[in-house]
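# Chains, contacts and geometry: an overview
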Amino acid sequence: MGVELWWLFAAAIVYLIVLFLVAYSADSGLISKRLISNPVVYSLSLGVYATSWTYYGSVGLADTSGYAFLNIYLGVTGAFLLGPYILKPILTLCREYQLTSIADLLAFRYGGRGTGFVVTLFMLIGILPYISLQIRAVTESIQVLSRQVPPVILALVFCLMITVFAILFGARHLSPREKHHGLVVAIAFESAIKLLALLVAGVFVITQVFDSPAAMGEWIATNENAVADLYTPAQSGLWSTLLLLAFCAAFLLPRQYHMTFVENENPKHLKTAYWLFPLYLLLLNLPVIPILFAGRYLELNIAPDFYVLGMTLSLGKEWLAVLVFLGGLSAASAMMIVTSLALSYMCLNHILLPASLSGTQPTDFYRRLLWSKRIIIALIIAAGYGFYIVIELNEGLASLGLISFVAAAQLLPGMIGVLFWQRATQVGFLAGLIGGALVWFTLLILPLLVSDANITELIPIDTDIWSLSTFCTLTTNALLFVLGSLLSKPTLDEVTASQAAIEQTSFALSAPYTARSAGQYLYAMQQVLGNKVAHQEMKRALDETSLDMDETRAPELRVLHERLERNISGLVGPTLARSIVRQNRHGLDSDADSQDTRLLEMRLEASREQMRGMTKQLDDLRRYLRDVLHQLPLGACSISSDGSVYLWNSAMQSLTGISERVAQGSVISDLPAPWNTLLGEFTESAENHRFSYQVSRHGKLASVNLHKADIGTPANTDDAFAGQVILMEDRTDYDTLEAELAHSERLASIGRLAAGVAHEIGNPLTGIASIAQNLVHDAGQALENNDDEEVGEQATDILNQVGRINSIVHSLLTFSHEDKISGSSFDSVLINQSVQEAVRLVKLSDQSKSIDFDVSVPSDIEVSGDANQLVQVFVNLLNNACDASPPKATIRITGSVLDEQLTIAVEDSGAGIDPSISEQIFEPFFTTKSVGSGTGLGLSLVYSIMSRHGGRVRIDEQYEHGTRIVLTLPVADSNDQPSAQAHSL
Amino acid sequence: MSDKTRHDHTLLIFFAAVFVFNSPLTNWWSLIGLPWYAIFVVWALFILIAAVNLTRDTNDGR
C-alpha cells in the first residue's frame, strides 16, 4: 500500500506554488505590513532550524540515543536564553555595518580578504552534508510512500524544483541590500505547516494508534525500560556534545545567521524570539516520543527515521501520509532555500566579487550581482546533489546533520573573539579555523569518501564519534586561535574593528584614511562599481550625512568615508567595501583621529549605554561641561593649533549666523565674511582683548568685545587639544543705550544752558526795552510837534524785536525750569477745559482765524497736572497745526479713555511730517520753519511737559492725511501722584 | 529592580538550565521513574521563567 507518485508530485508542486504566492503577496504588499513585520512571524521564521532532521531524523536519533535528540533543541534554547549577551550584540553589528553573512561579520572583525574567503569556502564544504540530508530525507520519504522512481531521479527533480523556488524567493530583486519580506513570511508559513503536520501526527498516534493517552500509558508501563532507556544517554559524552553543538548552530549556521540577523526587521522582535522560538521547538518535538513508541508498537519494518510516514500508511490514512510528507518537504525546502541564499551572499562577497571587480568599469553592476547570485544558488544546490550522489551513508539522517554542526562549531572561537576578546587577531582566527577544519575533514569527511579511512580507530579514546570529533576539532581550533593571536600583533584596522565589535558602537573604521574631497571617493567607486552605482551610492551617503559634493573638511570627510564603507559593505561585503573606499587615500597620522571631535563625540554618545562606574561619571561630567559651554550667553569658540575651529557654541551661532555644523572643522579663513577676517586678525594679533570692535552684521553695524586666551601647554596637555579660546561679547545694545543716555544728558545740558543764557540775556534786555520805551515816548511828543516820525518807527521796531527776544527767553526759561515742577504741585485738571482754553488762545492769532477747530474730548475726564502747563502743551500743538494747515482747514482734537489712560489726538490736514525727521522734532531748537518763524522749542516743551506729567507724546506715522500727534496721560485718581521724573518714552 | 539585576537573572536562569540539563542531576531522571513528558515540562518551565524575565526588561542588552 502507498501513495501514487503523481499525487505526491502534484501535492508538492501545489504546496510550493502556495508558498511562492504567500511570499509574493508579502513582497507586493497584499498582506498587511502588521502581519509581515511581526515578532511572531519573525520567531516562526527562525523555525528554519528544524529541517528534515527534526522531522524524520529526531525519531531515528531518539531510537538510538534516547533523549539526546532533544539536546539539538535544548542547546538552541540555551543560546536564546543568553540572547542579550550573544544574539543582540551580533544583531547590532549586522545592522550597523550592514553585514549580510557570517563571513561578512568575521571578515569585518578580523579583516583581510583571506578571512572571508576561508570562512566561505569552509562553510560551503561544511554545509554540503546538511543539504544532502534534506535531499535524502525527501527522496527516502517518497520511497517510503511510493517506490516507483529511482531515488537519484527523484533527488534531481527535487533539486531542480528547489533551485527555481530558491531563486524566486531570494534572487528576484535588483536590490541586494533590501530585506526579503516574502522569504521571511514564506519560511514562517513553512514552520507553521511543519508544526501542524507533526502535531496532527502526534494526536493521531495517541488517539488512533494507541486509542487514548491512557492506552499509551499502559503500553509504556508494560515496556518498563521504554522511558528509562530514553534517559540513559544523559550519562554519556554525547549528551553534552550535542548540547554544545546545538548551542553553536543556533547562531553560526549560515541559515540561522541569515534569518536571525540579516532578515531581522526590528531589533525588538528578537526579545520575543528569545522565548517564542524555544517554545516552538518544544512543541515541534513533543510528538517525537509518541511517534517512536507508535513505531515500536506497530513493529514497523522501516528505518525509525520514517516511522511517522510508515505509521500513517500502516493504518491506511493516505491523507495524513500526504500531510506528513508535505511537512517534511516543507522542512527540507525551507532549509535548502535559505541556506543556498545565505551561502550565495558569502560566495558573492568573498569569492566572486573580489576576483572579478578589478580595473574595468562594469556596465550594470546591480544586474550583474543579481545574476551572479542566481547562478551561485543553482551551483550550491547542485553541489548538494553531487554530495548526495557520491556519499553512501548507512547511519541515520542525523549523522549528516551532525557533520555540518561540527563544521559550524569551528566558528565558535572566532565568534568569541568578535564578542569578548579584543586581542584576537586574523592570524589566530585563520590558524584556528584551518586547523579545526583539517581535523574535521579528517575525522568526519574522509571516512565518507574513503571507506578504509577511519582515523578514530587510531585514537585510544572510548567515546562516540561526535564527542571525539567535537573535542578534537575545537581543541585544535582554540589552541591555534589563542596562540596565533598572542604571537601576532593586531593591525590598526583590527583594533578599531574589535572595539566596534565589543562595544557595538558606530566607530569610524578607517578614520586615519581619508580623501581630500568627496569627488575622490566617487572616482574610486566608479572604477570598481561603475558610474551609475557609484553615483547612487555617493548620493545616498551624502544624503545620510547631510554633506555636499564639494566638501573638503577632514572631519566631515572621515564621516563620509565611514558612511560609504558601511553602505557599500551591504553591497559587496566589508572587505571589498573597505578596499574600494580606501583606494588612493592619504594616510594621516594617527593623532588626526583624536582631533576629530565629531567622531569622538559620536563614539562617546554611541557607547554611552555600555558605560559603567567611573567611565559613566566622567562622561556625565563631559556632557555637563559641554552643555555649559554651549549654553554660555557669551559667544565662545576654540581654535586648534592648526587653525581649524574646534568648538562653536550656541551664542556664537546667534552672533555670527554661522551654524556649528558649518564652523566646526573649518579653518578660520573659510568662514563667511566678515567673521573670517575678524577672527583671523584677532587670533594673530598680540592683544588679548579688543573692545567695541565694529563689524557689519545683517546689513547693520554691530559692536563686539573680543577676548582670547591660549589653551593647553605642551608640558601638561595633549598637543592635539592646544590652541586658543575666543569669547565674543555683543555690546550693540549696550552702545545704543549709551547713546540714548548721552542724548538725554545733552538735553539736560541744553536745559541748563538755556537757563543760564536766559538769565544773561534777560538783564540787558530789560535795559534795552526801557530805553526803547523812552524813545517811543519821546518820539510821540516829537510827532505832536511835527518832528521826524522815523525815529518813532525805529523805536517801535526795537520794541517789537525786544518783545520777540523776550518770548524766546521766556520759552527758554520755561524749558529750563521743568525740573522744578514736582508732583506735589499737581492738581486735578479737567482736560476738556485745558483744550478749550488753548483753542481760545490760538484763535486770537490772525493765522488761525479761518481754521475750524473740532473738539471732541470727554468733558468729565480729569488728569493730575499743572493746568497752565497743559494749556501750554495744547497751545504749542495747535499753533503748529495751524501753521501746517491750509486756509479753512479743520483741526480735530479727539480724546478717549482706555485702561485708565487718556489718549488725546491733535490732527491737521497739512503736509505731514517727514518720517526721516520724526525722531528729531522733539529735540530743542529743531525746526522746519524758516528763520525767525519759530524757536524750535515748542515740541521739545511739549515733550518735557508730558514727561513730567507721566505721559508721552508721539507722532502717529500711520496717519496719512496730515499730521496726527497723540498724547497719552494717566487718568487722575485721587490717590495717584505722577513722579517728578516721568517714565521714559 | 534595575536593568542590570534583570540581566543578571538571565545568566542565573541559563546556569540553572545548564545544571538541570547537563549535570549529574540529569542522571536522576532515569532513576526516579518520571513520565516521558517530564523533560518537556521542565523545558517549558525554563522557557516560561525566561519569558517572564526577558519581557520585563526595559533595556534589552548589557
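Residues numbered from 1 in each chain as written. Chains lettered and ligands numbered in written order. Predicted model: local features only at pLDDT ≥ 70, side-chain atom pairs only at ≥ 80, totals over all residues.

## Focus on the overall build of chain A
A count of helical and extended segments in chain A gives 39 helices and 14 strands. The buried share among the 985 residues of chain A stands at 46%. Considering only contacts in chain A between residues 6 or more positions apart, those separated by 24 or more positions represent 75%. (Helix = DSSP H or I, 4+ residues; strand = E, 2+ residues; numbered from the N terminus. Buried ≥ 20, exposed ≤ 12 C-beta atoms within 10 Å, placed from the backbone. Contact = placed C-beta atoms within 7 Å.)

## Observations regarding the overall build of chain B
In terms of helices and strands, chain B carries three helices and zero strands. For chain B, the succession of helices and strands along the chain, N to C, is α-α-α. Looking at chain B residue by residue over its 62 residues, the buried ones come to 19%.

## Focus: the packing of helix 8 (residues 113-145) of chain A against helix 22 (residues 426-449) of chain A
Residues and elements named next belong to chain A. It is at 11 Å that the axes of helix 8 and helix 22 come closest, and there the two elements cross at 20°. When the interaxial angle is binned, helix 8 and helix 22 end up roughly parallel. Between helix 8 and helix 22 lies a crossing whose hand is left-handed. In this structure, helix 8 uses Gly114, Thr115, Val118 and Phe122 to contact helix 22, whose residues at the interface are Gln426, Phe429, Leu430, Leu433, Ile434 and Ala437. A breakdown of the residues in the contact of helix 8 with helix 22 according to their chemical character gives seven nonpolar, three polar and no charged. (Axes fitted to C-alpha atoms, helices over the stretch in contact; angles between N-to-C directions. Parallel < 35°, antiparallel > 145°, perpendicular 65-115°, else oblique. Left-handed = near helix turned anticlockwise from the far one by under 90°. Nonpolar A, V, L, I, M, F, W, Y, C, P; charged D, E, K, R; others polar.)

## What about unusual backbone geometry?
All names here are of chain A. Of note, the bond from Ala673 into Pro674 is cis; its omega dihedral lies within 30 degrees of zero at 0°. Position of Pro674 among the secondary structure elements: in the loop between helix 33 (660-663) and helix 34 (675-684). Even without glycine at this site, Glu299 takes up a positive phi of about 55°. Tracing the backbone through its elements, the reader meets Glu299 in the loop between helix 16 (288-298) and helix 17 (307-314). With a phi close to 45°, Ser692 is a non-glycine residue in the positive phi region. Here Ser692 is to be found in strand 5 (residues 689-697).

## Description of the nonpolar core
Residue and element names in this part refer to chain A. Grouped together as the largest cluster of nonpolar side chains are 231 residues, with contacts concentrated most on Leu245, Ala246, Leu252, Ile291, Val308 and Tyr521. Of all the elements, helix 18 (residues 318-356) adds the most residues to this core, at 23 residues. The two domains that each donate at least three residues to this core are domain 1 (5-79 + 104-348) and domain 2 (505-605). The contacts of Tyr521, once residues within four sequence positions are left out, are Ala515, Met538, Leu560, Leu564 and Val581. (Core = buried A, V, L, I, M, F, W, Y, C linked by C-beta atoms within 7 Å. Domains from an automatic or database assignment.)

## Structural notes on the interface of chain B and chain A
You'll often see interface size given as the accessible area lost when the parts meet. Taken together, the contact pairs 24 residues of chain B with 30 residues of chain A. Broken down by secondary-structure element, the contributors of at least two residues to the side of chain B that touches chain A are helix 1 (3-21), helix 2 (25-31) and helix 3 (38-55) of chain B. Counting residues per element, the side of chain B that touches chain A draws most heavily on helix 3 of chain B, which supplies eight residues. Its residues placed into classes, the side of chain B that touches chain A shows 15 nonpolar, seven polar and two charged.

## Overview of the environment of Leu706 of chain A
Residue and element names in this part refer to chain A. Examined against the element boundaries, Leu706 turns out to sit in strand 6 (residues 700-711). Residues Leu706 and Phe691, spaced 15 residues apart in sequence, show a C-alpha to C-alpha distance of 6.4 Å. Setting aside residues no more than four positions away along its own chain, Leu706 makes contact with Phe682, His689, Arg690, Tyr693, Ile726 and Met728.

## Considering helix 21 (residues 412-419) of chain A
Within helix 21 of chain A the residues assigned to the buried category are Leu412, Pro413, Gly414, Gly417 and Val418 of chain A. Structurally, helix 21 of chain A contributes buried residues whose contacts are with helix 7 (102-110), helix 13 (237-252), helix 20 (397-409), helix 22, helix 23 (465-487) and helix 24 (492-503) of chain A.

## So, the sheet that holds strand 7 (residues 723-730) of chain A
Residues and elements named next belong to chain A. Pairing in this open sheet of five strands is antiparallel, and the strands run 4-3-7-6-5 from one edge to the other. Both edges of this open sheet fall to strand 4 (645-648) and strand 5, since each of them pairs with a single strand only. Taken pair by pair, the neighbouring strands of this sheet meet at an average axis angle of 25°, ignoring direction. Direction of pairing for strand 5 relative to strand 6: antiparallel, over a ladder of seven bridges. Within the sheet, the bridge partner assigned to His689 lies in strand 6 and is His707. (Pairing = 2+ DSSP bridges.)

## A word on the sheet that holds strand 11 (residues 890-898) of chain A
The strands that make up a sheet are held in pairs by hydrogen bonds between backbone atoms, and each pair lies either parallel or antiparallel. Residues and elements named next belong to chain A. The five strands lie next to each other as 9-11-12-14-13, forming an open sheet whose pairing is mixed. Two strands lie at the open edges of the sheet, namely strand 9 (852-856) and strand 13 (952-955), each paired on one side alone. With direction set aside, neighbouring strand axes in the sheet form an average angle of 15°.

## Some remarks on helix 31 (residues 613-631) of chain A
In this model helix 31 of chain A runs 27 Å from its N-terminal to its C-terminal C-alpha over 19 residues, within 8% of the 27 Å that 1.5 Å per residue would give. Summarising burial for helix 31 of chain A: zero of the 19 residues are buried, a small minority. (Expected span 1.5 Å × (residues − 1).)

## Structural notes on the pairing of strand 11 of chain A
Residue and element names in this part refer to chain A. Of the strand pairs in this sheet, strand 9 and strand 11 are connected by five bridges, and their pairing is parallel. Note on strand 11: the bridge partner recorded for Asp854 is Arg892. Where strand 11 lies against strand 12 (residues 901-908), seven bridges are found, and the strand directions are antiparallel. Bridging from a neighbouring strand, Arg892 pairs with Glu907 of strand 12. Between strand 11 and strand 12, which pair antiparallel one after the other, the connecting turn spans two residues, and Asp899 there sits at a positive phi close to 50°.

## Observations regarding the confidence of the model for chain A
Low-confidence regions, as indicated by low pLDDT, have predicted coordinates that should not be scrutinised in detail. Across chain A, the average pLDDT comes to 83, with 85% of residues at or above 70. Within the model, the stretch residues 506-511 of chain A combines pLDDT values under 50 with 23 contacts to residues more than four positions away or in other chains. (pLDDT = per-residue confidence, 0-100.)

## Quick look at the environment of Phe306 of chain A
Residues and elements named next belong to chain A. Within the secondary structure layout, Phe306 lies in the loop between helix 16 and helix 17. It is 7.7 Å that separates the C-alpha atoms of Phe306 and Val144, two residues lying 162 residues apart in sequence. Leave out the neighbours within four places in its chain, and Phe306 touches Tyr56, Glu140, Ser141 and Val144.

## Focus on the confidence of the model for chain B
Residue and element names in this part refer to chain B. Mean pLDDT over chain B works out to 78, with 74% of the residues at or above the 70 mark. The spread of mean pLDDT over the elements of chain B runs between helix 2, the lowest at 69, and helix 3, the highest at 90. Interface scoring of the predicted complex returns ipTM 0.91; its pTM is 0.67.

## Section: the environment of Ile72 of chain A
All names here are of chain A. In this fold, Ile72 is placed in helix 5 (residues 71-81). On a C-alpha basis, the gap between Ile72 and Ala250 in space is 9.4 Å, while along the polypeptide they are 178 residues apart. When neighbours within four sequence positions are excluded, Ile72 is seen to be in contact with Leu242 and Ala246.

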